[in-house]
Amino acid sequence: MTTLRQFKMDDLLKFNNINLDVLTETYNGSFYMAYLCRWPESFLVAESPNQELMGYVLGKAEGDDKLWHGHVSAVTVAPKYRRLGLAKTLMQYFEDVSIHTYNAYFVDLFVRASNHLAINMYNKFGYVTYRRVLGYYSGELPEDALDMRKALPRDKNKESIVPLDRPVRPEELEW
């Protein structure tokens, strides 16, 4: 049986099976520790019966006024545990935190424009493309990101998900 629990500091030593994957954005240890200290309720892991980490969601709350939202910095599942519904479970958990703890208007996330599998998955979860962020992902081959959003109950008129009519540059992002 899969256990969902809050991320613990020593999990940093256990999640290579998740993070060493080309589809997963990885960060340095201080990044994960900052999230754990600031938004512990938004850092959840899925653990197998033999205590192997299966996946995690890493999120935070940010914004002002009607732009107050939950932001998914990472959601990822180890390759051998994919297609079991874990990503949906982790996303639903974070959406619930965004509703009940943060009282947010929406949840957003960024995804590589070329990652069609993830884009389709997020669409199935009710996310829509709000805008394209030009050159968001740096590297040898810079790549655009899609800023995808899902309105939450506080956004009764779904204003937060009305798509922008033009792409933006990273320096134009609010947060």
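Reading the values: the criteria
Residues numbered from 1 in each chain as written. Predicted model: local features only at pLDDT ≥ 70, side-chain atom pairs only at ≥ 80, totals over all residues. Heavy atoms only, no water. Helix = DSSP H or I, 4+ residues; strand = E, 2+ residues; numbered from the N terminus. Buried < 20%, exposed > 50% of the residue type's maximum accessible area, 1.4 Å probe, protein only. Phe/Tyr/Trp six-rings, centres within 6.5 Å; stacked < 30°, edge-to-face > 60°. Lys NZ or Arg CZ within 6 Å of the ring centre and 35° of its normal. Core = buried A, V, L, I, M, F, W, Y, C linked by side-chain atoms within 4.5 Å.

Further remarks concern unusual backbone geometry. Its identity is not glycine, yet Gln 51 carries a phi of approximately 70°, on the positive side. Relative to the elements of secondary structure, Gln 51 occurs in the loop between strand 2 (43-47) and strand 3 (53-62). We note that Asn 103 has phi near 55°; this positive angle belongs to a residue other than glycine. Following the sequence through the fold, Asn 103 ends up in the loop between helix 3 (86-100) and strand 5 (106-112). Judged by its relative accessible area of 42%, Asn 103 is partly exposed.

Counted according to the given criterion, the structure contains 16 aromatic pairs. Seen from their ring centres, Tyr 32 and Tyr 56 are 6.4 Å apart, and the 80° between their planes marks the pair as edge-to-face. Within this pair, whereas Tyr 32 is found in helix 2 (residues 29-38), its partner Tyr 56 is found in strand 3, the two being separated by 24 residues in sequence. Classification of Tyr 56 by relative accessible area gives buried; the value is 1%. For the pair Tyr 122 and Tyr 127, a centre-to-centre distance of 6.2 Å together with 65° between the ring planes defines the contact as edge-to-face. Looking at Tyr 122, the relative accessible area reads 7%, which means it is buried. Residue Tyr 127 is classed as buried on the basis of its relative accessible area of 1%. Put simply, the rings of Phe 7, Phe 15, Tyr 27, Phe 31, Tyr 32, Tyr 35, Trp 39, Phe 43 and Tyr 56 touch in pairs and so form one group of aromatic residues. For the cation-ring pair, Arg 112 lies above Tyr 137, with the distance from its terminal atom to the ring centre recorded as 4.2 Å. Here Arg 149 stacks its cationic end above the ring of Tyr 130, 3.6 Å away from the centre of that ring.

Turning our eyes to something else, we now look at the environment of Asp 10. One can find Asp 10 in the loop between strand 1 (3-6) and helix 1 (16-19). Classification of Asp 10 as partly exposed rests on a relative accessible area of 38%. Put simply, Asp 10 and Asp 165 are 155 residues apart on the chain and 44 Å apart in space, counted from C-alpha to C-alpha.

Bringing the nonpolar core into the picture now. Within the largest apolar cluster, 44 residues are counted, with the highest numbers of intra-cluster contacts made by Tyr 56 and Tyr 122. Going through the elements one at a time, helix 2, strand 2, strand 3, strand 4 (69-77), helix 3, strand 5, helix 4 (116-124) and strand 7 (143-151) are the ones with two or more residues in this core. If you look at the next biggest cluster of nonpolar residues, it comprises 6 residues, including Val 133, Tyr 137, Ala 145 and Leu 173.

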